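Chains, contacts and geometry: an overview
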Amino acid sequence: MDLKCIFGLVIIVSRISLSFTLNVNVVIKGSTPIAETDDNFVCATLDWWPTERCNYNQCPWGKAGLLNLDLKKKVLINAIKAFNSLRIKVGGSLQNQVVYGVGEVKNCPNFMKKEGSLFGFSQGCLPMERWDKLNNFFNQTGVKVTFGLNALLGRNKSQSEKGLWAGDWNSQNARDFMKYTISRGYKVDSYEFGNQLSGAGRGARVEAEQYGKDVIVLKNMVKDLHPDPKTQPKVLGPSGFYDEKWFNVFLEVSGQGVVDGVTHHIYNLGPGNGLNLITKIQDPSYLNQVAQTYKGVFNIVNKFKPQSGAWVSESGGALQGGAKDVSPTFADGFWYFDQLGMASTYNHKVFCRQTLIGGNYALLNTTTFIPNPDYYGAVLWHRLMGSIVLAVTQVSNSDLRVYAHCAKKKPGVSIIFINLSKDSSFDVTLSSYEHHRRNLSSTDVAKPNFEFTSHLNREEYHLTALGGDIQGQIVLLNDVPMVLTDTFDIPAMDPKLVNASTPISVAAHSIVYVTIRDFHAPVCV
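Residues numbered from 1 in each chain as written. Predicted model: local features only at pLDDT ≥ 70, side-chain atom pairs only at ≥ 80, totals over all residues. Heavy atoms only, no water.

1. Let's talk about the packing of aromatic side chains
Stated precisely, the cut-off is as follows: Classification of ring pairs rests on two measures: the distance between centres of Phe, Tyr or Trp rings, Trp counted by its six-membered ring, which must be within 6.5 Å, and the angle between planes, read as stacked under 30 degrees, edge-to-face over 60 and tilted in between. Per-residue accessibility, obtained with a 1.4 Å probe over protein chains only, is compared with the maximum for each type, and a residue is labelled buried under 20%, exposed over 50%, and partly exposed between these values. Whether a charge sits over a ring comes down to the Lys NZ or Arg CZ being within 6 Å of the ring centre and within 35 degrees of the ring normal.
This model, assessed by the stated rule, comprises 29 aromatic pairs. Their ring planes at 85 degrees and their centres at 5.7 Å tell us that phenylalanine 330 and phenylalanine 334 sit as a pair that is edge-to-face. For phenylalanine 334, a relative accessible area of 0% translates into the label buried. Ring geometry for tryptophan 335 and tyrosine 336: centres 6.1 Å apart, planes at 25 degrees, overall stacked. Like tyrosine 336, tryptophan 335 is buried. Grouping aromatic residues by their ring pairs yields a cluster made of Trp169, Phe193, Tyr211, Tyr242, Trp246, Phe247 and Phe250. In this structure, arginine 353 is placed above the aromatic ring of tyrosine 336, and the distance from its NZ or CZ to the ring centre is 4.6 Å.

The following block contains the structure:
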């Protein structure tokens with residue numbers, strides 16, 4: 001029996017289940033946006049970790065670090081090109097131990113295991129020859145680059161306070177690196193200052209007032225080296241876990257017009273060796289808890305009004321490399337796509353997935369480079385969900401998560417449905433609040449439950465797990481297994497056209513994208 005027959009048999013068997021169907025009405029308000037994202041909202045990271053980095057008795061990084069990744073791998077190139085274009089953030093835990101092999105830096109060693117050092121590794125170096133190759137790769141694949149700078153150079157470990165690094169930042173190596181980058185014509189969209197130094201820090205921390213003073217130095221340096229505001233890279237920070245007091249002090253000290261984007265990290269699933277990760281991922285009340293973090297950052301951004309708003313510049317779900325039996329599986333999408341939806345609702349401009357490749361939480365398999373299930377949903381989000389975020393109301397069932405945006409390609413709206421339930425399917429009807437209001441007389445009471453009737457076929461993308469195994473690593477799109485072609489190309493990801501008079505069917509444990517071209521949403525015109 002060939003592979004296609006086996007896939008087909010498993011699909012048929014998987015449909016024979018004990019699940020039941022519930023009717024749900026979803027109301028979309030399209031008169032005013034509730035938030036707006038960057039066009040390159042979906043982002044992925046590339047990290048510095050060497051092969052020797054291990055957690056939980058495993059070493060999941062392989063040769064996926066920035067210094068040893070095979071940049072000629074066709075699968076990798078095609079996977080990035082499919083986004084057209086993908087934002088990549090260069091950085092991670094070791095970035096505060098990276099020096100750049102230019103200017104006064106003559107010796108450029110690799111990271112080495114070193115007991116007692118930050119994260120157990122010595123200082124490492126980015127040779128300019130490798131930076132050249134990375135930029136050729138970025139140009140070839142159409143990447144928009146955010147680069148994480150070392151923010152510990154020049155500082156010294158405090159003798160009295162554990163983890164604290166004191167003193168002014170030494171900016172000379174960063175300046176030399178930027179000058180080299182400019183001289184070669186390389187484009188960096190934004191520079192992020194340091195990694196996880198905010199609040200209590202992770203491994204190391206810097207006081208908020210000191211960080212604020214140093215980010216002013218960075219901003220002035222960027223302006224000096226890039227005098228044309230049109231081509232000037234953005235300055236981002238602090239790239240750490242949200243701490244309200246620390247973030248407030250840092251932004252007060254740095255002042256208006258210095259930080260372009262406020263960046264923070266989300267790892268709300270806890271350590272990668274947690275025993276109940278699969279339960280957390282499917283628990284709506286657990287997923288809702290992180291909204292407090294998004295709300296806090298949202299409020300601080302509204303207070304200080306940085307030009308580029310709030311970013312999640314790193315989020316891998318589970319800490320320290322991810323969870324090997326959950327992060328690379330279909331189930332992780334229940335967490336990931338809900339995070340994309342929640343972050344966009346709280347007016348976050350960018351969401352960077354840790355990682356593109358490397359560790360267990362990567363979008364691509366670290367060894368084979370073959371896309372993991374979350375990759376395909378990320379591509380669909382990037383292609384379908386536009387920057388304008390719409391308000392959605394759905395009170396019937398907490399297991400059904402719904403987010404709506406203006407469609408990326410006008411006209412219409414695009415909606416993502418995330419069904420956390422293993423037992424319940426949903427038949428969804430849509431209501432257009434504005435459509436109903438337009439048909440009210442002056443004496444009518446507004447009831448936003450007018451069922452929307454489309455005249456065009458809907459475009460639907462149903463993501464499900466092969467055989468219903470949500471901890472498997474093969475995802476089906478409209479019942480077709482997503483496997484690379486013989487030439488290592490990403491498979492076609494076409495919608496199925498569905499009669500618009502029928503409810504939207506959301507199967508148990510599925511993720512569904514829907515684009516409706518004639519849905520009445522004034523802000524999407």
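Here the narrative resumes, following the displayed structure.
2. Some words on the packing of helix H6 (residues 244-254) against helix H9 (residues 291-304)
Under the convention used in this document: An axis is simply a line fitted to the C-alpha atoms; with a helix, the fit covers only the stretch in contact. Between two such axes, the angle follows the N-to-C directions and lies from 0 to 180 degrees. A run of H or I in DSSP counts as a helix once it spans at least four residues, and a run of E counts as a strand once it spans at least two, with each numbered from the N terminus. In what follows, roughly perpendicular refers to angles from 65 to 115 degrees, roughly parallel to angles under 35, roughly antiparallel to angles over 145, and oblique to any angle outside these ranges. Two helices crossing with the near one rotated counterclockwise from the far one by less than a right angle form a left-handed crossing, whereas a clockwise rotation gives a right-handed crossing. Only heavy atoms enter the contact rule, under which two residues are in contact if any of them lie within 4.5 Å. Basically, the charged four are Asp, Glu, Lys and Arg, the nonpolar ten are Ala, Val, Leu, Ile, Met, Phe, Trp, Tyr, Cys and Pro, and anything else, Gly included, counts as polar.
Between H6 and H9, whose axes approach to 11 Å, the crossing angle comes to 20 degrees. Regarding the angle of H6 to H9, the classification is roughly parallel. H9 is crossed by H6, and the crossing has right-handed handedness. Residues Glu244, Phe247, Asn248, Leu251 and Glu252 of H6 form the contact with H9, whose own contacting residues are Ile300, Lys303 and Phe304. By residue class, the composition of the contact of H6 with H9 is 4 nonpolar, 1 polar and 3 charged.

3. A short note on the state of the cysteines
Stated formally: We call a pair of cysteine sulfur atoms a disulfide when they lie within 2.5 Å.
Under the definition given, this model contains 4 disulfides. The partner cysteine of cysteine 43 in its disulfide is cysteine 352, sulfur to sulfur 2.2 Å. The chirality of the disulfide connecting cysteine 43 with cysteine 352 is right-handed, given an S-S dihedral of about 90 degrees. A residue pair is termed long-range when its members are at least 10 positions apart, and cysteine 43 in strand S3 (residues 42-46) and cysteine 352 in strand S16 (residues 348-353) qualify at 309 residues. Grouping residues by exposure puts cysteine 43 and cysteine 352 together as buried. Here cysteine 406 is linked by a disulfide to cysteine 524, with a sulfur-sulfur distance of 2.0 Å. On the sign convention where negative is left-handed, the bridge of cysteine 406 and cysteine 524, at about -80 degrees about the S-S bond, is left-handed. Within this pair, whereas cysteine 406 is found in strand S18 (residues 400-407), its partner cysteine 524 is found in the segment after strand S26 (511-516), the two being separated by 118 residues in sequence.

4. Here we look at the pattern of salt bridges
How we decide: Salt bridge, as used here, is a side-chain nitrogen of Lys or Arg placed within 4 Å of a carboxyl oxygen of Asp or Glu.
All told, the structure shown has 18 salt bridges when counted by the stated rule. Its salt-bridge partner being arginine 87, residue aspartate 189 comes within 2.8 Å of it at the nearest N-O pair. Linking aspartate 189 in the loop between helix H4 (172-183) and strand S10 (190-193) with arginine 87 in strand S4 (residues 87-90), this pair joins segments that are 102 residues apart in sequence. The salt bridge involving aspartate 325 is made with lysine 324; its shortest N-O contact spans 3.4 Å. Accessibility expressed as a relative area gives 47% for aspartate 325, which makes it partly exposed.

5. Structural notes on the packing of helix H10 (residues 332-345) against helix H11 (residues 373-384)
Packing of H10 against H11 brings their axes to within 10 Å, and their N-to-C directions diverge by 25 degrees. Accordingly, the angle class assigned to the pair H10 and H11 is roughly parallel. Both H10 and H11 take part in a crossing whose hand is right-handed. Of the residues in H11, those in contact with Asp332, Gly333, Tyr336, Phe337, Leu340, Gly341 and Ser344 of H10 are Asp374, Gly377, Ala378 and Trp381. Residues belonging to the contact of H10 with H11 are distributed by class as follows: 5 nonpolar, 4 polar and 2 charged.

6. Remarks on the sheet that holds strand S14 (residues 310-315)
Inclusion rule: We call two strands paired when DSSP finds no fewer than two bridges between them.
With parallel pairing, 8 strands are arranged side by side around a closed barrel as S3-S4-S7-S10-S11-S12-S14-S16. For this sheet the average axis-to-axis angle between neighbouring strands, irrespective of direction, equals 25 degrees. Looking at chain direction, strand S12 (residues 261-266) and S14 are connected through 5 bridges and run parallel. Note that in S14 the partner of threonine 263 across the bridge is tryptophan 311. Along the sheet face, helix H5 (residues 208-225) touches strand S7 (144-149), S10 and strand S11 (234-240) and points at about 155 degrees away from the line of S11.

7. Comments concerning the nonpolar core
Applicable threshold: Grouping buried Ala, Val, Leu, Ile, Met, Phe, Trp, Tyr and Cys residues that are joined through side-chain atoms within 4.5 Å yields what is termed a nonpolar core. For the domains described, the bounds stem from an automatic or database domain assignment.
Among the nonpolar cores identified, the biggest contains 132 residues, and Leu126, Trp131, Phe147, Phe177, Tyr375 and Tyr513 are the most heavily contacted of them. Lining this core are residues from two domains, each supplying at least three of them: domain 1 (20-34 + 392-516) and domain 2 (37-387). Among all residues touching leucine 126, those that are not within four sequence positions of it are Trp48, Leu67, Val98, Val99, Tyr100, Gly101, Cys108, Trp131, Leu134, Phe147 and Phe177.

8. A look at H6
Those residues of H6 that fall on the buried side of the exposure criterion are Trp246, Phe247, Asn248, Phe250, Leu251 and Ser254. Considering only its buried residues, H6 is in contact with H5, S11, S12 and H9.

9. A closer look at the domain arrangement of the protein chain
Accessible area lost upon the coming together of the parts is a frequently used measure of interface size. Let me state the cut-off plainly: Once two parts are put together, the accessible area they lose, assessed with a 1.4 Å probe and summed over both, is termed the buried area. Whenever two N or O atoms come within 3.5 Å, that pair is a polar contact, provided that in protein one can donate a hydrogen and the other can accept it, and provided that, for residues adjacent in sequence, both atoms are side-chain atoms.
Here the protein chain is partitioned into domain 1 (20-34 + 392-516) and domain 2 (37-387). For domain 1 and domain 2, the distance between their C-alpha centres works out to 31 Å. Contact residues are listed per partner, giving 40 residues for domain 1 and 42 residues for domain 2. Buried surface at the junction of domain 1 and domain 2, summed over both partners, amounts to about 3,500 Å²; 66% is from carbon and sulfur atoms. The tally of links from domain 1 across to domain 2 stands at 1 salt bridge. Aspartate 338 serves as the salt-bridge partner of arginine 401, at 2.9 Å between the closest nitrogen and oxygen. At the surface where domain 1 touches domain 2, the tally comes to 21 residue pairs in polar contact (both at pLDDT 80 or more). When residues of the side of domain 1 that touches domain 2 are traced back to their parent elements, those giving at least two are S18, strand S19 (413-419), strand S21 (458-465), strand S22 (475-477) and S26. The residue makeup of the side of domain 1 that touches domain 2, split by class, is 24 nonpolar, 12 polar and 4 charged.

10. Points about the pairing of S4
This is how it is decided: We call a crossover right-handed when, viewed with the strands running away from us, the connection from the first strand over the helix to the second turns clockwise.
On S4, burial covers both faces: Arg87 and Lys89 on one face and Ile88 and Val90 on the other are all buried. Bridging between S3 and S4 involves 4 bridges; their strand directions are parallel. Bridge pairing in S4 places alanine 44 opposite isoleucine 88. Between S3 and its parallel partner S4, the chain crosses via helix H2 (residues 74-81), and the hand of that crossover is right-handed.

11. Structural notes on unusual backbone geometry
Between asparagine 84 and the following residue, serine 85, the backbone shows a cis peptide bond with an omega angle of 10 degrees. Position of serine 85 relative to the elements: it lies in the loop between H2 and S4. A cis amide bond links glutamine 354 to the next residue, threonine 355, at an omega of 5 degrees. Within the element layout of this structure, threonine 355 appears in the loop between S16 and H11. Even without a glycine there, the phi angle at tyrosine 56 is positive, about 55 degrees. Structurally, tyrosine 56 is set in the loop between S3 and H2. Assessed through its relative accessible area of 25%, tyrosine 56 is described here as partly exposed.

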